[in-house]
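Structure at a glance
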Amino acid sequence: MQYGEAEKFFDRALGILRTSNTADKRHLPVILGNQGRLYQETGKYALSESALKEAQRLTERDLGPGHWSMPQVLNSLGVLYTSIKKRKDAETSFRKAIALQEKQETQNGFLAPILGNLGGLYEDERHWSRAEAVLLRALEIAEVSYGETHPETVTILNKLAVAYEGQGKLEESARIFRRALAARRKLFDPDDGTVTLT
């Protein structure tokens, strides 16, 4: 499915849900969240923010502020704000998402990507030691939840290596980069260009 087709699909689904008397309205925030992420992928940042903010509002109103999906919505907002350089808003969104996710009965590993995104934000700001602390925690959770060679774990390893490099910890950075490369080689064919991204 192409982006244009996906946009039409989301618009149609939202139209049906909003006008139907029998549809389960609890699906609205999920579809809005997905629509917001799609808009972000296509560079429609204002539309993305609008969809994600509505998803946040409806989740709080209809499902409760502690609902399991709220950290995902806040994480998506944080990613969006990072993309458009609203770093303070991004940090606030990530921190709220982390606080809510930590309260969940089962974290199911979703805390790791949120922490990874916050660590990436700190790297963008060149706050290397803050990034390191957050990314070490993310890595610990990712390894337990996903395993050492999972793409999420490899992404966090790459970010951690950058944080070490930014602090001048070059031996540690090289060690972590090698570890990420070895994990990526287990995931992908060595001739695949994906391995060289590490």
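Residues numbered from 1 in each chain as written. Predicted model: local features only at pLDDT ≥ 70, side-chain atom pairs only at ≥ 80, totals over all residues. Heavy atoms only, no water.

So, about the confidence of the model for the chain. Per-chain confidence: the chain averages 90 in pLDDT, with 93% of residues scoring 70 or above. Highest mean pLDDT in the chain belongs to helix α6 (residues 111-124) (97); lowest belongs to helix α1 (residues 3-19) (83). (pLDDT = per-residue confidence, 0-100. Helix = DSSP H or I, 4+ residues; strand = E, 2+ residues; numbered from the N terminus.)

Another aspect to go through is the packing of helix α3 (residues 45-63) against helix α4 (residues 70-83). Across the interface, α3 lies against α4 with an axial gap of 10 Å and an inter-helix angle of 160°. Classified by the interaxial angle, the pair formed by α3 and α4 is roughly antiparallel. Both α3 and α4 take part in a crossing whose hand is left-handed. Contacts from Tyr45, Ser48, Glu49, Leu52, Lys53, Ala55, Gln56, Thr59 and Glu60 of α3 reach α4 at Met70, Val73, Leu74, Ser76, Leu77, Leu80, Tyr81 and Ser83. (Axes fitted to C-alpha atoms, helices over the stretch in contact; angles between N-to-C directions. Parallel < 35°, antiparallel > 145°, perpendicular 65-115°, else oblique. Left-handed = near helix turned anticlockwise from the far one by under 90°. Contact = heavy atoms within 4.5 Å.)

It is worth spelling out the packing of α6 against helix α8 (residues 151-166) at this point. Contact geometry for α6 and α8: axes closest at 10 Å, N-to-C directions at 25°. For the element pair α6 / α8, the angle class is roughly parallel. For the pair α6 and α8, the crossing hand works out as left-handed. Across the interface between the two elements, Ala112, Pro113, Gly116, Asn117, Gly120 and Glu123 of α6 pack against Glu152, Ile156, Lys159, Leu160, Val162 and Ala163 of α8. A class-by-class count of the residues in the contact of α6 with α8 yields six nonpolar, three polar and three charged. (Nonpolar A, V, L, I, M, F, W, Y, C, P; charged D, E, K, R; others polar.)

We now examine α4. The terminal C-alpha atoms of α4, which comprises 14 residues, lie 20 Å apart, in line with the 20 Å expected from a rise of 1.5 Å per residue. Across the 14 residues that make up α4, a large majority, eleven, are buried. Turning to α4, its buried residues are Met70, Pro71, Val73, Leu74, Asn75, Ser76, Leu77, Gly78, Leu80, Tyr81 and Thr82. Those residues of α4 that are buried are in contact with α2 (28-41), α3, α5 (87-103) and α6. Positive phi shows up at lysine 85, right after α4, with a value of about 65°. (Expected span 1.5 Å × (residues − 1). Buried < 20%, exposed > 50% of the residue type's maximum accessible area, 1.4 Å probe, protein only.)

A few words now on α2. Its 14 residues place the ends of α2 20 Å apart at the C-alpha level, agreeing with the 20 Å of an ideal helix rising 1.5 Å per residue. Burial within α2 is extensive, with ten of its 14 residues counted as buried. Buried within α2 we find Leu28, Pro29, Ile31, Leu32, Gly33, Gln35, Gly36, Leu38, Tyr39 and Gln40. On its buried face, α2 sits against α1, α3 and α4. Remark: glycine 43 follows α2 within two positions and exhibits a positive phi of approximately 80°.

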